[in-house]
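Coordinates in review
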Amino acid sequence: MNNNKEVNQKSFSKLLLSLLLCLTGLFSFQAPAVFGQDDLNGDDVIDAVFTVRGWYNQICYGDGTGDFTNCVDLTGEGSVLTPPLSNADLTNAVALGDWDGDGDLDMVLAVDGGPNKLCQQDENHNFTSCFNISGTSLDGTRSQDVALGDVNGDGLLDAVFANFGPGSNSTANTVCLGLGNITSACFEPFGFPEGDLSSGVALGDTDNDGDIDIIFANNTATNTFCENTGHPFCLKRSGGRKSLGLAIDFWRIGYLPGRSRRSILRQRSKNNKETSMGKIVGLDRRTFIKSAGLTALAGAVGTGSAPAIGASSKSALKSGKFDFDTPYNRVGTNCSRWDSPPKNYPSGNFRFGMGVATMDFEAAPCITEALEERIKHHSWGYLSSTDSLRDAIVQWNGNRHNLDLDPQSIVIAAGVYPGVIAGLRAFSPSGTKVLMLTPIYDGFKTHASHTMVIPNESPLLYRDGRWEIDWADLESRMTPDTRTMIVCNPQNPTGNVWTQEELLRIGRMCLEHDIIVLSDEIHSDIVRGGQKYIPFASLPDKDVVNNSITFNAISKTFNLAGMKNAYFHTSNPVLFGRMQQYHRADLSTLGVVANEAAYRHGADWFDQVLPYLDENHRFAEAYVNEHIPLVKVKKAEGTYLTFFDFSAAMERVGAAEMAKVHNKRSPEHYFQDWLVENSGVYINPGSNYGVGGEGHMRMNLASSRVVVKEAFDSMAAALRKV
């Protein structure tokens, strides 16, 4: 290593020459040197890193007096790196930070014409090696600047490169997510204007929403602002043209060792929840809404006063009881449950649609009456407000589940489906994972596919007649790249109604691992006698609650799936704001009318259908145990679905072998077809619902008991023959 005097002279000469070259135009528009400052060697004195385009890069250690008297080369013959940086690596910028999470500072270099570099320190605070940053060696990449920050909120440093390329060879800017070691996952910011060539980049919470955003200084067009909503989304433009660099205040949400961004968001939520969510001090909202009396449906439909709708029914019996025993014919009404399956069975053997999760009962009369009244007004413009519907949601949750919701925390959605998708887009960047307990509703895998996230399946264990959580497996899957967990309560298809202890344990584990809970509670009203549904938002640990978003609807409760109406809510204003950025609801007037009528006037109907469903479950369990020995079942704790163990029956018909012969997706899919052809009964393959569903089939019991019994009789007759 050179002595200090020689190094200082050499360093000064190189820097001076570089400045002269720049002044003579030999380096185009690019500034000749960029340096970053921090304490590189742990002596509490600021050090400097100098990058010189096309020449030597150096680290100069501070002596505490303002001078940098000890410089070492990173490029060329005297380099301390093995191998040294190449003179061909035209280094334009450097940023410092603990990229690999080992407690010391690393260097990230923006290189013009080659892969960007990560240079690490060894245990003695010496830089000894550099690595190419994966995903940044694309042809034509010419990185001009780099900024470091926790872009995706996992507590690890990420790098954002501003890239500049000539003409058609221009390469989009790059975001590289740090993974806690020398590796990274790189992608382009979504929506960055094509053809814009960037010369500078800076990170900071520019819109004060608690995350890190990106601003690119563009040499060829208006500068670009990229809002961070889980995945940097570049649409807005800032002022100025042909910029070479920029600087913004990094604000409060920088990279804080030992404290991730989400812990900061939780603290901000605690600080702001009394003012940000419209809390009414000294007034219990549920009590207020209960005392408000009947709210006019006109609030939703925008026409005069609401019709007086009670629980009376044209189809109710004189005794005041609704008739669920008489089968209600849905065939030929474009019904998914009854009209879709026959299209796949031209033999005509299909007879019983016991798959799709809708009820076969005639709707609560109050719903039909409200719709009839609304269609008397012959205009179908936009809705004015959904405030009355939100108040009805608050009232229903308060009365049935003792859950006190703030109306301002509720967002009306067109379904739980689009709500959960918005949650994944907001909190799970593309390529990360979403955790779920399986077997689980197969739509969640579709959600993951739409949002380009990876399902992370933790299989439940079947023990003593109940599906139980494998806690060790669940925690082992809470990896840094897992950002969200979907909780299904009650669980579809297993029927679990999760206890408060189970939900708290899930919630605290997610909190510890910085995983946001997305709780789908669409089956919440449908639980067996003796069971109790616990809303995730009612858990006694407020930090757990503030780390969650709940999605719900009464589409299962009142069979209103086709009316496309649901809602989500959270007590955390930061999560609320992030969700709003990805969510848009296109609501139907009649859907709003139908749902509000059900919330306000449908309780009597539902209080009668619920025990009827309970009895169907009791009947199914008793029938199978007595008449179908090849099938095993335990009455579900919730939902109107049941999850049968058909493994013995499937083995008897050779489902595994025949699935291969007939090119079926799984043995369960072959058995689905076998059951239709031999009994006429259509039910859902258990393998649809993820790991753990093998050997099982899901059956919908929300039908007249006459239909349920005929379906079981047909299955029993078919299975007696094998």
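The sections below set out a description of the structure shown in this document. Each chain carries its own residue numbering, running from 1 in the written order of its sequence. In keeping with the model being predicted, local features are shown solely for residues with a pLDDT of at least 70 and side-chain atom pairs are shown and tallied solely at 80 or more, while totals for entire chains, interfaces and linings include all residues. Hydrogen atoms and water are omitted, and side-chain values are computed over all heavy atoms in the structure.

**Things to note about the state of the cysteines**
Simply put, the disulfide is a covalent bond whose two ends are the sulfur atoms of two cysteines. Cysteine sulfur atoms are paired as a disulfide whenever they fall within 2.5 Å. Per the stated rule, a full pass over the model turns up one disulfide. Between the sulfur atoms of cysteine 60 and its disulfide partner cysteine 71 the distance amounts to 2.0 Å. As the torsion about the S-S bond is roughly 110 degrees, the cysteine 60-cysteine 71 disulfide counts as right-handed. Of this pair, cysteine 60 sits in strand 3 (residues 58–62) while cysteine 71 sits in strand 4 (residues 68–73), and the two are 11 residues apart along the sequence. By definition, any uninterrupted DSSP run of H or I lasting at least four residues is a helix, any uninterrupted run of E lasting at least two residues is a strand, and each is numbered from the N terminus.

**What to know about the side chain of aspartate 339**
Along the chain, aspartate 339 falls in helix 5 (residues 336–339). Lysine 343 provides the closest opposite charge to the buried, salt-bridge-free aspartate 339, at an N-O distance of 7.7 Å. One polar contact links the side chain of aspartate 339 to the main-chain amide nitrogen of glycine 332, over a distance of 2.9 Å. Here, residues are in contact when the closest pair of their heavy atoms is within 4.5 Å. Not counting residues within four places of it along the chain, the set of residues in contact with aspartate 339 comprises Arg330, Val331, Gly332, Thr333 and Asn334. Any residue under 20% of the maximum accessible area for its type is buried, any over 50% is exposed, and the rest in between are partly exposed; the area is computed with a 1.4 Å probe on protein chains only. Under the counting rule used here, the positive set is Lys and Arg, the negative set is Asp and Glu, and His together with the chain ends is not counted. We define a salt bridge as a contact between a side-chain nitrogen of Lys or Arg and a carboxyl oxygen of Asp or Glu at a distance within 4 Å. Between N or O atoms, a polar contact is any pair within 3.5 Å; within protein, one atom must be a potential hydrogen donor and the other a potential acceptor, and residues adjacent in sequence are included only when both atoms are from side chains.

**Some thoughts on the sheet that holds strand 27 (residues 641–645)**
For two strands to be treated as a pair, DSSP must find at least two bridges joining them. Strand order in the open sheet formed by three strands is 27-30-29, and the pairing between neighbours is antiparallel. Looking at the sheet topology across the chains shown, the edges are occupied by strand 27 and strand 29 (684–685). Note that strand 29 and strand 30 (residues 696–700) share two bridges and pair antiparallel. Residue pairing for strand 30: asparagine 684 is matched across the bridge by arginine 698.

**Notes on helix 19 (residues 705–720)**
To estimate the expected span of a helix, subtract one from its residue number and multiply by 1.5 Å. For helix 19, built from 16 residues, the straight-helix expectation of 22 Å at 1.5 Å per residue is met to within 8% by its first-to-last C-alpha distance of 22 Å. Three or more residues of helix 19 are buried, namely Val707, Val708, Ala711, Phe712, Ser714, Met715, Ala716, Ala718 and Leu719.

**Here's the deal with the sheet that holds strand 24 (residues 516–520)**
If you trace the seven strands from one edge of the open sheet to the other, you get 18-26-25-24-23-19-20, paired in mixed fashion. Every other strand in the sheet has two partners, leaving strand 18 (410–413) and strand 20 (454–459) as the edge strands with one partner each. For this sheet, the mean angle separating the axes of adjacent strands, direction not counted, is 25 degrees. Inspection of the sheet shows strand 25 (residues 548–552) paired to strand 26 (residues 566–569) by three bridges, in the antiparallel sense. The residue bridging asparagine 552 from the neighbouring strand is tyrosine 567, located in strand 26. Sheet strands touched by helix 13 (residues 573–582): strand 18, strand 24, strand 25 and strand 26. Its angle to strand 25, the strand with the most contacts, is close to 55 degrees. Here an angle of 0 to 180 degrees is reported between the N-to-C directions of two axes, which are lines fitted to C-alpha atoms, with helices fitted over the stretch in contact.

**Quick look at the pattern of salt bridges**
For the structure on display, the rule yields 18 salt bridges. The partner of aspartate 607 in a salt bridge is arginine 400, and the shortest N-O contact between them spans 2.7 Å. Taken together, the residues span a long stretch of sequence, with aspartate 607 in helix 15 (residues 603–627) and arginine 400 in helix 7 (residues 387–401) at a distance of 207 residues. Close ionic contact of arginine 600 with glutamate 596 constitutes a salt bridge, the shortest N to O distance being 2.7 Å. Here arginine 600 pairs with glutamate 596, and both are found in helix 14 (residues 589–601), just four residues apart, close to one helical turn. Residue glutamate 596 is classed as buried on the basis of its relative accessible area, which comes to 0%.

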